[in-house]
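# Breakdown of the fold
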Amino acid sequence: MDAVKCAALLAAAELGSMTAAAEKLGYTQSGITRMIRSLEAELRFPLLVRGRSGVSLTGNGSRMLPAFREIVRADENARQLGAELSGVVTGTVTVGSYYSVSAMLLPEIVSRFEALYPGVSVRIQEGGNREMAEWLDARAVDCCFGAKPADSVVCDWIPVFRDELVAWLPASSPLAAERVFPLRSLESVPFIQTSPDRDTDQDRLLREYGLHPDIRFTTRDGFSTYNMVASGLGVSFNQKLISRDWRGRVAERPFDPPQYISLGIAVPSLREASPAARRFIACVQAVLAERDGAQ
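Computed from a predicted model, the values in this text were never measured in an experiment.

### A few points about the overall build of the protein
Helices and strands together make up the secondary structure of the protein, namely 10 helices and 11 strands. Taken over the C-alpha atoms alone, the protein extends approximately 70 × 45 × 30 Å along its principal axes. Out of the 295 residues belonging to the protein, those deemed buried represent 47%. Across the protein, every contact between residues at least 6 apart in sequence was considered, and the portion connecting residues at least 24 apart equals 72%. As displayed, the protein offers around 14,800 Å² of accessible surface, 51% of which is attributable to carbon and sulfur atoms. Across the protein, the mean location of the 33 positive side-chain charges is 4 Å away from that of the 35 negative side-chain charges.

Structural data, given as structure tokens:
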């Protein structure tokens, strides 16, 4: 089965449009259509449903997705290995990442990586723990940079960074005068939750300790939560890393007892990782080791 045709099908399914897939891959729309029809003829069943609003996968198409991804991945790995044996490092690395990691750590890492390997493109997909678990399971990414996935996610895990979870309190709150914030106090004050029910660090901590906070507001991202705390609308918590460069009337206090999370790199299979992905992982480890040494 031709990897180029599989890549065309994956692009059309992801974008929901033959035209968008053609633009992404550098083909004409008719070229993409011919490749997908050829693939359908080879398999003897339709893969896409065509409609006025675009295209979507058939039931059989959805079931075939993991096989198509594996064919494209194997083809890309072979190309990268061949180039590496010739003394050239090329390819693409798709990295799933926390929003906070993307903002605070990835710019430096990607800048270093591109300087070392200008022939490799880095593609970043931002999401939370739940999205990254889905990407790892589907092998839709080369690696994910964030919190350790749940035990149910089959992957290899490389810890690279330990971060503290801290309480965010309005600077005017009497609680801000205290040195620490008792964890159980989350149940006795108005709480602002970020992305509830998405297997976030907040979800995990609340579940681990059986906490039931008084949720007054919910937001989609940490920055919105931070600003709502600054406005005195409630308290919240997040990684210390995320608000490192933010400025607002927010007091950060460690929890009692202290709470930490492990940040690292999850790989669908380190043994099967592409040469470019392996080099990206090594770059992450080197950059963070340097940061630790400088602190």
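### What to know about the side chain of Thr 94
With respect to the helices and strands, the residue Thr 94 is situated in strand E3 (residues 91-97). On the basis of relative accessible area, Thr 94 is assigned to the buried category, the value being 10%. Each residue touching Thr 94, except ones within four places of it in the same chain, is listed here: Arg 123, Gln 125, Ala 140, Val 141, Asp 142 and Cys 143.

### Thoughts on a nonpolar patch on the surface
A cluster of nonpolar residues, Val 4, Leu 25 and Tyr 27, forms a patch on the protein surface that exposes about 230 Å² of accessible area. For Tyr 27, the position within the fold is in the loop between helix H2 (18-25) and helix H3 (29-43).

### A short note on the packing of helix H1 (residues 3-15) against helix H4 (residues 59-85)
For the pair H1 and H4, interaxial distance at closest approach is 9 Å and the crossing angle is 130°. Judged on the interaxial angle alone, H4 and H1 are oblique. The handedness of the crossing between H1 and H4 comes out as left-handed. Between H1 and H4, the residues in contact are Ala 3, Cys 6, Ala 7, Leu 9 and Leu 10 and Leu 65, Phe 68, Arg 69, Ile 71, Val 72 and Asp 75, respectively.

### A few points about the nonpolar core
Within soluble globular proteins, side chains that are nonpolar tend to cluster in buried spots. With 63 residues, the main nonpolar core has Ile 109, Phe 145, Leu 186, Phe 255 and Phe 280 as its most contacted residues. Apart from the residues lying within four places of it in its own chain, the contact partners of Leu 186 are Phe 181, Phe 191, Leu 206, Leu 211, Pro 213, Asp 214, Val 235, Phe 237 and Phe 255. With 20 residues, the next largest nonpolar core counts Leu 10, Met 18, Met 35 and Leu 65 among its residues.

### A few points about the pattern of salt bridges
If charged atoms from side chains of opposite charge come close, those side chains can pair. Here the structure, examined in full by the defined rule, presents 15 salt bridges. In this structure, the salt-bridge partner of Arg 73 is Glu 70, at a minimum N-O distance of 2.3 Å. With Arg 73 and Glu 70 both in helix H4 and 3 residues apart, the pair spans about one turn of that helix. Residue Arg 198 is joined to Glu 131 by a salt bridge in which the shortest nitrogen-to-oxygen separation is 2.6 Å. Separated by 67 residues along the polypeptide, Arg 198 in the loop between strand E8 (190-194) and helix H8 (201-209) and Glu 131 in helix H7 (residues 129-138) bring together distant segments of the chain. A single network of salt bridges, built from pairs that share partners, joins Glu 70, Arg 73, Arg 139, Arg 271 and Glu 272.

### As for the pairing of strand E9 (residues 214-219)
Judged from the 5 bridges that link them, E8 and E9 form a sheet pairing that is parallel. Note that in E9 the partner of Ile 192 across the bridge is Phe 217. Handedness of the β-α-β unit built from E8, H8 and E9 comes out right-handed.

### Things to note about the side chain of Asp 199
Take Asp 199: it is sitting in the loop between E8 and H8. Accessibility expressed as a relative area gives 18% for Asp 199, which makes it buried. In this structure the side chain of Asp 199 is engaged in a polar contact, spanning 3.1 Å, whose partner is the side chain of Arg 204. Side-chain polar atoms of Asp 199 contact the side chain of Arg 207, separated by 3.4 Å. In contact with Asp 199, other than residues within four places in its own chain, are Asn 129, Arg 130, Arg 204 and Arg 207.

Cut-offs applied
Residues numbered from 1 in each chain as written. Predicted model: local features only at pLDDT ≥ 70, side-chain atom pairs only at ≥ 80, totals over all residues. Heavy atoms only, no water. Helix = DSSP H or I, 4+ residues; strand = E, 2+ residues; numbered from the N terminus. Buried < 20%, exposed > 50% of the residue type's maximum accessible area, 1.4 Å probe, protein only. Contact = heavy atoms within 4.5 Å. Areas by Shrake-Rupley, 256 points an atom, 1.4 Å probe, with all protein chains shown as cover. Lys, Arg positive; Asp, Glu negative; His and termini not counted. Charge placed at Lys NZ, Arg CZ, Asp CG, Glu CD. Patch = residues over 30% accessible without salt bridge, like charges linked within 9 Å, V, L, I, M, F, W, Y side chains within 5 Å. Salt bridge = Lys/Arg side-chain N within 4 Å of Asp/Glu carboxyl O. Axes fitted to C-alpha atoms, helices over the stretch in contact; angles between N-to-C directions. Parallel < 35°, antiparallel > 145°, perpendicular 65-115°, else oblique. Left-handed = near helix turned anticlockwise from the far one by under 90°. Core = buried A, V, L, I, M, F, W, Y, C linked by side-chain atoms within 4.5 Å. Pairing = 2+ DSSP bridges. Right-handed = clockwise from strand over helix to strand, strands pointing away. Polar contact = N/O pair within 3.5 Å; in protein donor to acceptor, adjacent residues only side chain to side chain.

By themselves, these are just geometric observations and shouldn't be taken as functional.
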